[in-house]
Amino acid sequence: MKRITYILTAFIALLSCGLVSCMNDFDARDTVNAFGNNSINTDNCIKIADLKEKYADVIKANGLKKIEEDTRIKGVVIGDDKSGNIYKQLMIADASGAIVVSINNTGLYAICPVGQELVIDCKDLYIGGYGEMAQIGYTYNGKVGRMPTYVWENHVRLLKDPNWEHPVLRPREITSDDLKTLDKDKAPMLVTLNQVRFEDADGNEVYAKETGGNVSAVEHNLVFEDGSKLIVRTSSYANFAKEPLPQGDLNVTAILTRYRNIWQLTIRNVEEVKTNN
């Protein structure tokens, strides 16, 4: 009787392990398949650069245009809202370039973190420019704005699991000379700046102190070795907003953006601002 009881117990234990393993496998697959629109065709996607070129006049004029043709882009998230410094937006890139996708929701990183590959069905979405930087979203007061969450879910399909080793996540190293010649239509882009320093770093100045009023972001200058400067714009809602600006020489990886003819830098997370010892 004891032998039968032992065998039965062992069998149940093995069965339980098998069920747990199957459930774990299901959960891993379900992370990708449970969100978005899995009926979106992943073939015949166009390059992000080609999409931006097609609507270049609209983007340049900070206008708005509904995408009426069958148009799909495939890319990888290079910037999410986890730190709060990017707000209700994702930055999506392929090998040709990148574009901003605006969504009227927060916590986007929980489903679409950096490294997540996806396909966006752009038909019936809107494209335009904000500060002459290309953006996909929806219509808002005659300009391109944030698309409702249900619209986003119907127009996106997730592919695979997030991959931090994807080639588009390798930042481009740029210098102050590059900023003088780089085409601003390339923005946004993931970059690394070496041997730079914060102009205002004194041990007390923080990334984004509260200023009151309607100001939601604070600007500081990064200074290159030749004295050239680049604006770093930080949201007062970023989870590192109250941290002191690091002193000394730094290597910074961040998203290079534009506002009209001015380059700006958006830090994804404070861990990518590294002291160059």
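Preceding this section is the structure that the text describes.
Conventions adopted
- Residues numbered from 1 in each chain as written.
- Predicted model: local features only at pLDDT ≥ 70, side-chain atom pairs only at ≥ 80, totals over all residues.
- Heavy atoms only, no water.
- Core = buried A, V, L, I, M, F, W, Y, C linked by side-chain atoms within 4.5 Å.
- Buried < 20%, exposed > 50% of the residue type's maximum accessible area, 1.4 Å probe, protein only.
- Helix = DSSP H or I, 4+ residues; strand = E, 2+ residues; numbered from the N terminus.
- Contact = heavy atoms within 4.5 Å.
- Salt bridge = Lys/Arg side-chain N within 4 Å of Asp/Glu carboxyl O.
- Phe/Tyr/Trp six-rings, centres within 6.5 Å; stacked < 30°, edge-to-face > 60°.

### Observations concerning the nonpolar core
For soluble globular proteins, nonpolar side chains are generally found buried alongside one another.
Thinking step 1. By size, the foremost hydrophobic cluster in this structure holds 43 residues, and its most contacted members are I78, L193, F198, L256 and L265.
Thinking step 2. Among the elements of the structure, β2 (72-79), β3 (89-94), β4 (97-102), β11 (189-198), β12 (217-223), β13 (229-235), β14 (250-259) and β15 (262-266) are those that each provide at least two residues to this core.
Thinking step 3. Ranked by residue count, the leading element in this core is β11, at six residues.
Thinking step 4. Apart from the residues within four sequence positions on either side, F198 is in contact with Y207, H220, N221, L222, V232, L245, P246, L250 and V273.
Thinking step 5. Counting residues in hydrophobic clusters, the runner-up holds 27 residues, among them Y55, I99, M147 and W152.

### Some words on the pattern of salt bridges
Thinking step 1. Evaluation of the coordinates by the stated rule reveals 12 salt bridges.
Thinking step 2. Here D124 makes a salt bridge to K66, at a shortest N to O gap of 3.9 Å. With a gap of 58 residues between them, D124 in the loop between β5 (117-121) and β6 (126-130) and K66 in strand β1 (residues 64-66) connect regions that are remote in the sequence.
Thinking step 3. The class for D124 is partly exposed, based on a relative accessible area of 36%.
Thinking step 4. In this structure, the salt-bridge partner of E132 is R258, at a minimum N-O distance of 3.1 Å.

### Comments concerning the environment of L250
Thinking step 1. Within the secondary structure, L250 is located in strand β14.
Thinking step 2. Using a relative accessible area of 0% as the deciding quantity, one classes L250 as buried.
Thinking step 3. Separated by 28 residues in the primary sequence, L250 and L222 place their C-alpha atoms 9.5 Å from one another.
Thinking step 4. Sequence-distant contacts of L250, that is, excluding residues within four places in its chain, are made with L193, N194, Q195, V196, R197, F198, V273, K274, T275 and N276.

### What to know about the packing of aromatic side chains
Thinking step 1. As enumerated under the stated definition, the model contains four aromatic pairs in all.
Thinking step 2. Centroid distance Y126 to Y138: 5.4 Å. Interplanar angle 80°. Geometry classified as edge-to-face. Within this pair, whereas Y126 is found in strand β6, its partner Y138 is found in strand β7 (residues 133-140), the two being separated by 12 residues in sequence.
Thinking step 3. What makes Y126 buried here is its relative accessible area of 16%.
Thinking step 4. Of the residues examined, Y138 reaches a relative accessible area of 25% and is grouped as partly exposed.

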